[in-house]
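Coordinate analysis (summary)
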Amino acid sequence: MKADRTVSWLPPVRGRTLIWLVPLLVVNSIMVGHAIWRMAVGFPPVDWLNYVEASQRFGTGGLYDSNLLGYAWHYSPVLALAFGVLAPIGDLGWRLLHLVPVAFLPTRLLSIVVLVSWPFWADVESGNVMIFILFAAAWAVRGSRAGALAFLALTLLVPRPLMLPLAAWLLWKRPALRWAFVAMFVVHALAVLATGWGGEWLRDLLAASRDVHLPANIAPSRIIGAIPWLIIGIPIATWLTLRDRPEWAGVFVQPYLIGYYLLLPLASLARRGTSSKQSQTDRPEPPPGV
């Protein structure tokens, strides 16, 4: 009995599951090793460097001027100001900061899965923001109001089709969030207008499908194009959302998929279980009202 309790956080693994699980774990291990190796030999965090450059371009011009040298900024101009504040922590500081939310995810299982997953280490290597989005999403589906509001705020600041099904699902299932979201939307819209970058940001968002041809795109859209992929993906995403699986739905409405985008579906591991064992895997609940 004692041995059983020590591994109670592990889901049951059946024989048929091993057929696909073992190859997946092998590929994942190779990709994790590759990402860590790239960091060890000095490959720069490309996305983080773009964020820092965006904070500089906010005042000097060209914030949404993507170029062949690798610069691109598709997020809210308001967020560019925030990265100006974060810039002094440097490459290493930003990468290390990615470890913090992992320690505070809602369940032990989710923390472990994230820590050993290639999407997480791809996020660390490139210096993207997906682990912070996953953190908010996981607490949101867990039932936290603060987590839900944080995720909705990030949907405004880092708008990706990937996030829209979960954002819509939260507003559909939890009406108490709606007026707070309306307030956030209005405040953010006014802040964007105040920056003077609103028009260029809108044009950039409308042209986002151009990134389907990125070498890092692992979605079928790289082969068949964005429109055919969305014709297939939108009905699947709608079905998943109606089945209360919006974390997975986002994968099918994203015109292109970068490896670290696959962190978001892991938020489903934060959902409350129905068995008595689930309570043993939980993190402490946030304070009332959170």
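A brief look at the structure comes next. (Residues numbered from 1 in each chain as written. Predicted model: local features only at pLDDT ≥ 70, side-chain atom pairs only at ≥ 80, totals over all residues. Heavy atoms only, no water.)

With that out of the way, let us pick up the packing of aromatic side chains. The final tally for this structure, using the stated rule, is 16 aromatic pairs. An angle of 75° between the planes, with centres 5.6 Å apart, marks the rings of F83 and W94 as edge-to-face. With F83 in helix α4 (residues 77-86) and W94 in helix α5 (residues 90-97), the pair connects residues that are eleven residues apart, well separated along the chain. Like F83, the residue W94 is buried in the burial classification. The rings of W48, Y51, W73, Y75, F83, W94 and F132 are connected pair by pair, giving a single aromatic cluster. Seen from the ring of F43, R38 lies directly overhead, with NZ or CZ sitting 3.9 Å from the centre. Above the face of the W172 ring, K173 is positioned so that its terminal group lies 4.4 Å from the ring centre. (Phe/Tyr/Trp six-rings, centres within 6.5 Å; stacked < 30°, edge-to-face > 60°. Helix = DSSP H or I, 4+ residues; strand = E, 2+ residues; numbered from the N terminus. Buried < 20%, exposed > 50% of the residue type's maximum accessible area, 1.4 Å probe, protein only. Lys NZ or Arg CZ within 6 Å of the ring centre and 35° of its normal.)

Okay, unusual backbone geometry next. At D244, a position not held by glycine, the phi torsion is positive, near 65°. With respect to the helices and strands, the residue D244 is situated in the loop between α15 (226-242) and α16 (246-253).

Moving on, we come to the packing of helix α10 (residues 145-157) against helix α11 (residues 164-173). Where α10 meets α11, the axes come as close as 10 Å, and the angle between the chain directions of the two elements is 135°. Considered as vectors, α10 and α11 are oriented oblique to each other. Considering only the axes of α10 and α11, their crossing is left-handed. Each of A148, F151, L152 and T155 in α10 lies in contact with α11, whose residues at this interface are L164, L166, A167, L170 and L171. Looking at the contact of α10 with α11, its residues break down into eight nonpolar, one polar and no charged. (Axes fitted to C-alpha atoms, helices over the stretch in contact; angles between N-to-C directions. Parallel < 35°, antiparallel > 145°, perpendicular 65-115°, else oblique. Left-handed = near helix turned anticlockwise from the far one by under 90°. Contact = heavy atoms within 4.5 Å. Nonpolar A, V, L, I, M, F, W, Y, C, P; charged D, E, K, R; others polar.)

Once that is clear, we can look at the nonpolar core. Of all hydrophobic cores here, the largest spans 68 residues; its most connected members are L63, W73, V114 and F151. Per-element tally for this core: the top contributor is helix α9 (residues 130-142), with nine residues. Those residues in contact with W73 that sit more than four places away from it in its chain are Y51, A54, L63, Y64, L79, A80, F83 and D204. (Core = buried A, V, L, I, M, F, W, Y, C linked by side-chain atoms within 4.5 Å.)

So, about the side chain of R160. With respect to the helices and strands, R160 occurs in the loop between α10 and α11. Here R160 sits buried without a salt bridge, and the closest side chain of opposite charge, D47, lies 6.3 Å off (N-O distance). For R160, the side chain forms a polar contact with the side chain of Y261, separated by 3.5 Å. Those residues in contact with R160 that lie beyond four places of it in its chain are Y75, N128, V129, M130, I133, Q254 and Y261. (Lys, Arg positive; Asp, Glu negative; His and termini not counted. Salt bridge = Lys/Arg side-chain N within 4 Å of Asp/Glu carboxyl O. Polar contact = N/O pair within 3.5 Å; in protein donor to acceptor, adjacent residues only side chain to side chain.)

So far we have only geometry, and geometry alone does not tell us how the molecule works.
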